[in-house]
Amino acid sequence: MTKEQREEYYIHFEKLIDCMQDLNGFDHDGFRKALAKLCELFRVAKGVTEFYKSPFDENHGQGEVLCDYDNGHADVQVHQIRINSDTGAVIIGTVYMDRNEKPLTDEEREKVDLIFRTMLSFIARRRLQKAVEGFVFNDEVGYPNSRAYMRFLMKMKAKCGLHGYTCGCFNLRHFGNINREIGRQLGDVVFKSYYMLLAETVGDTGIVCRLGGDNFLLAFRNELSSAVLDVLRGVPVAYDKKGENRVEVSASAGLFTVPDGFLVESTETIMDRIMPTAQAARRDEADHILYFDEKMAKQKEHMIRVQRSFPAALKKREFRVYYQPKVDVFTGEMVGAEALCRWFHKGKLVSPGEFIPVLEQNTDICKLDFYMLDAVCRDIRRWMDEGKKPVRVSVNLSRKHLVDVDLLKHIMDVIEKHRVPHFYVEIELTETTTDVEFRDLRRVVNGLQAQGICTAVDDFGVGYSSLNLIREIPWNILKIDRCFLPEDEKNKYSTTSLMYKHVVAMAHDIGLECVTEGVETVEQVDILRKNHCDIAQGFYFDKPLPVEEFEQRLVNRRYELPK
Ligand code: C2E
Ligand code: MG
Ligand code: MG
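Residues numbered from 1 in each chain as written. Chains lettered and ligands numbered in written order. Predicted model: local features only at pLDDT ≥ 70, side-chain atom pairs only at ≥ 80, totals over all residues. Heavy atoms only, no water.

Caption draft 1: Geometry of the overall build of the protein. Along its length, the protein carries 18 helices and 21 strands. The C-alpha extent of the protein, read off along each of the three principal axes, is 125 × 55 × 50 Å. Within the protein, the fraction of its 563 residues that count as buried is 47%. When contacts within the protein are restricted to residue pairs at least 6 apart in sequence, those whose partners lie at least 24 apart make up 66%. (Helix = DSSP H or I, 4+ residues; strand = E, 2+ residues; numbered from the N terminus. Buried < 20%, exposed > 50% of the residue type's maximum accessible area, 1.4 Å probe, protein only. Contact = heavy atoms within 4.5 Å.)

Caption draft 2: Structural context of the coordination of the magnesium ion (ligand 2). Every protein donor of the magnesium ion (ligand 2) is listed here as Glu338 (OE), Asn396 (OD1), Glu428 (OE) and Asp458 (OD), and their distances to the metal cover 2.1 to 2.3 Å. In this model, the magnesium ion (ligand 2) sits 3.8 Å from the magnesium ion (ligand 3), the two metals being bridged by Asp458. In this pair, Asn396 sits in strand 15 (residues 392-396) while Glu428 sits in strand 16 (residues 425-430), placing the two residues 32 residues apart along the sequence. (Donors = N, O, S within 2.8 Å, 3.2 Å for Na, K, Ca; no water.)

Caption draft 3: Spotlight on the environment of Arg233. Relative to the helices and strands, Arg233 is located in helix 8 (residues 225-233). Along the backbone, Arg233 and Ala251 are 18 residues apart, and their C-alpha atoms lie at a distance of 6.2 Å. Every residue in contact with Arg233, bar those within four places of it in the chain, is listed here: Ser250 and Ile289.

Caption draft 4: The arrangement of the packing of aromatic side chains in detail. Enumeration according to the criterion identifies 25 aromatic pairs in this entry. Look at Trp383 and Phe550: their rings are 5.7 Å apart centre to centre, the planes differ by 50°, and that puts the pair in the tilted class. One end of the pair, Trp383, is in helix 12 (residues 364-385); the other, Phe550, is in helix 18 (residues 547-556), with 167 residues separating them in the sequence. In this pair, the class of Trp383 matches that of Phe550, namely buried. Each member of the aromatic cluster is reached from another via a ring pair, and the members are Tyr143, Phe170, Phe175, Phe191, Tyr195 and Phe216. Sitting over the face of the ring of Phe256, Arg273 holds its NZ or CZ atom 5.5 Å from the ring centroid. (Phe/Tyr/Trp six-rings, centres within 6.5 Å; stacked < 30°, edge-to-face > 60°. Lys NZ or Arg CZ within 6 Å of the ring centre and 35° of its normal.)

Caption draft 5: Summary view of the domain arrangement of the protein. Examined at the domain level, the protein breaks down into domain 1 (3-137), domain 2 (146-292) and domain 3 (323-556). Placing a centre on the C-alpha atoms of domain 1 and another on those of domain 3 gives a separation of 90 Å. (Domains from an automatic or database assignment.)

Caption draft 6: Representation of the site of ligand 1. Close contacts around ligand 1 come from 22 residues, with Asp369, Asp458, Asp459, Glu520 and Phe539 the closest. At 3.1 Å from a nitrogen atom of ligand 1 is found a main-chain nitrogen or oxygen belonging to Cys341. Between a nitrogen atom of ligand 1 and a side-chain N or O atom of Asp369, the distance comes to 2.6 Å. Relative to its unbound accessible surface of 800 Å², ligand 1 loses 82% to contact with the protein. In terms of residues, the shell around ligand 1 owes the most to one element, strand 13 (residues 334-345), which gives 4 residues. Partitioning the shell around ligand 1 into residue classes produces 9 nonpolar, 5 polar and 8 charged. (Near = heavy atom within 4 Å. Polar contact = N/O pair within 3.5 Å; in protein donor to acceptor, adjacent residues only side chain to side chain. Areas by Shrake-Rupley, 256 points an atom, 1.4 Å probe, with all protein chains shown as cover. Nonpolar A, V, L, I, M, F, W, Y, C, P; charged D, E, K, R; others polar.)

Caption draft 7: Structural detail: the pattern of salt bridges. According to the stated counting rule, one finds 37 salt bridges in the structure shown. The shortest N-O distance in the salt bridge between Glu107 and Arg6 comes to 2.8 Å. With Glu107 in helix 4 (residues 106-137) and Arg6 in helix 1 (residues 3-20), this residue pair connects regions lying 101 residues apart in the sequence. For Glu107, a relative accessible area of 23% translates into the label partly exposed. Within this structure, Lys326, Glu338, Arg392, Glu426, Glu428, Lys479, Glu513 and Glu517 form a network of salt bridges that share partners. (Salt bridge = Lys/Arg side-chain N within 4 Å of Asp/Glu carboxyl O.)

Caption draft 8: Spotlight on the nonpolar core. With 80 residues, the main nonpolar core has Phe319, Tyr323, Phe355, Leu368, Trp475, Leu478 and Phe550 as its most contacted residues. Considering each element in turn, this core owes the most residues, 12 residues, to helix 12. Ignoring anything within four residues of it in the chain, the contact list for Phe355 reads Val306, Phe319, Cys341, Trp343, Val350 and Leu368. (Core = buried A, V, L, I, M, F, W, Y, C linked by side-chain atoms within 4.5 Å.)

Caption draft 9: Focus on the packing of helix 7 (residues 184-202) against helix 8. The geometry of helix 7 relative to helix 8 is characterised by a closest axis approach of 9 Å and an angle of 170° between their N-to-C directions. The angle between helix 7 and helix 8 falls in the class roughly antiparallel. When the axes of helix 7 and helix 8 are compared, the crossing they make is left-handed. On helix 8, the residues touching Tyr194, Leu197, Leu198, Thr201 and Val202 of helix 7 are Ala227, Val228, Val231 and Leu232. When grouped by side-chain class, the residues that make up the contact of helix 7 with helix 8 number 8 nonpolar, 1 polar and no charged. (Axes fitted to C-alpha atoms, helices over the stretch in contact; angles between N-to-C directions. Parallel < 35°, antiparallel > 145°, perpendicular 65-115°, else oblique. Left-handed = near helix turned anticlockwise from the far one by under 90°.)

Caption draft 10: Representation of a nonpolar patch on the surface within the structure. On the surface, Leu128, Val132, Phe135 and Val136 cluster together into a nonpolar patch covering about 400 Å² of accessible area. By the element assignment, Val136 lies in helix 4. (Patch = residues over 30% accessible without salt bridge, like charges linked within 9 Å, V, L, I, M, F, W, Y side chains within 5 Å.)

Caption draft 11: Structural view of the coordination of the magnesium ion (ligand 3). On the protein side, the magnesium ion (ligand 3) has Asp458 (OD), Asp459 (OD), Glu517 (OE) and Glu517 (OE) as donor atoms, found 2.0 to 2.5 Å from it. Site description for the magnesium ion (ligand 3): donor spacing in sequence, D-D-x57-E. With a relative accessible area of 24%, Asp459 lands in the partly exposed category.

Caption draft 12: Structural view of the sheet that holds strand 4 (residues 90-97). The strand order across the open sheet built from 4 strands is 2-1-4-3, with neighbouring strands paired in antiparallel fashion. Across the chains shown, the open sheet's two edge strands, defined by having one partner strand only, are strand 2 (64-70) and strand 3 (76-84). Here the strands of the sheet are splayed against their neighbours by 15° on average, with no regard to which way each runs. Where strand 1 (residues 44-52) meets strand 4, 8 bridges bridge the pair, whose relative direction is antiparallel. For Phe51, the partnering residue across the bridge sits in strand 4 and is Ile91. Sheet strands touched by helix 2 (residues 28-41): strand 1 and strand 2. Its angle to strand 2, the strand with the most contacts, is close to 60°. Those strands touched by helix 4 are strand 1, strand 2, strand 3 and strand 4, and its axis lies near 45° from that of strand 3. (Pairing = 2+ DSSP bridges.)

Caption draft 13: Summary view of the pairing of strand 3. Across 8 bridges, strand 3 lies against strand 4 in antiparallel orientation. The residue bridging Gln80 from the neighbouring strand is Thr94, located in strand 4. Between strand 3 and strand 4, which pair antiparallel and follow one another directly, the connecting turn spans 5 residues, one of which, Gly88, has a positive phi of 95°.

So, in structure tokens, the structure goes:
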């Protein structure tokens, strides 16, 4: 070899090695070019590399054969290298030449040998890496697993923030039935075909992975949504070669379309959205494909937060009683008050609308109501002891209490504990919806009456008001909800005005005391008077007040009335 040839050899060999060790991955193009130069330099017509996992695979021709250079004149084999790796794999490199070419000199043969040995060792390393990856990113059957899914999400997050992507989790519906119907073996065929169909549908830009059992994860470009949804909603899948025998396969899925500008903090951001949605989709009778709903999730989060912090909050007495006066609209005298709950949590005031409905999801509300009753009775006792004349205070009891057969005893125990005269306590209950509740309600109200405790129907007019409720249960007081109170008297014949008038009249005729809630303006005070509803509760007179402020009202007890 001449000096120039040797120099050329060094340059291209180095290039070849660089391409194989490129940190960004294997630079196949550069590798091919460098190899072609080297082959030309050594008059090589063709170079072939073979990789077999085992000698058995080699004997059966099951391996990978690569040929990165072939000038079409490969007549004679001039060199062969064979490596048996420690893992049992067989790697072979073969070099061919044109029969008319000058044979390789010893020096040239040495260099060709070195080039091919280097290539083979590189191939062996890459194959090993691939095999390890195979174990890590595939499950035992060969489906990509959840690690492959996470890797895909991370890659796409880095590339495009996952914008333009929909991610999801799905479960095959009734696959057990399919297995029973056609047998497990054919079931496997269907399973695989359905997977392949979805993998094809999401294409190179997406991924479908198996989470375990018949649960899968997927991600796809939004443009492919309708095609993917078609497959998820159900397609016939063949389980014989001719495609004559088919079964319908469908899935339930929870999906999340990453909104534009949304910051995906980590793969958990995605999983936290798709997993619960997939569970909901599985249970949902109407629609088996559900999209993650930010509002719904926030509500659920709020619910969990409230339920979790409730026990400690109760213990720490974070709940306080606020008192809203009830005023006689003819005399201006404060004749009663309603106890309303306020929650001081982490330095903030939480209003009942935010926590009462949550606590009503289970029996937590009953604990809170008894806490309130206890606090109210304690206050009444203290006022009496301090020489302040109390007014009758109403306490709200949730309908959840009605199933408690000892409810009456529990209420009386609290009142007796504080030695509060019964006429200072009033219980507000809302309307009921079922027959069973109705019976319980009647029992409880009767019991309270017998003890001389006033009872009020709260929020009359909202929900399923039934006249039966008033006829069959001996209430003392009807609290008309503020939605029944007209805003002004501009239209005396509006439905609201007429209904308000007749509801008040009816309440009086059957001997019920009448309270109107939500009285905010002078006009409304006037409406109450004209309709002979004596008692008002509302912002016109006072908002619900902290106990210290309410105690000041107990001293004066009289409100200025409009002329
Ligand atoms: P509710 O028993 O019908 O109480 C009346 C609600 O109307 C109170 O709301 C009160 O602040 C509000 N209100 C009074 N006057 C006016 C007015 O002029 N204008 C307007 N816009 N609103 C007025 P709050 O305190 O937010 O309580 C809401 C509901 O939460 C109560 O409705 C009651 O159902 C429930 N609640 C409150 N405390 C308790 C409790 O200790 N136990 C139970 N079970 N429920 C409670
Ligand atoms: Mg009430
Ligand atoms: Mg009410």
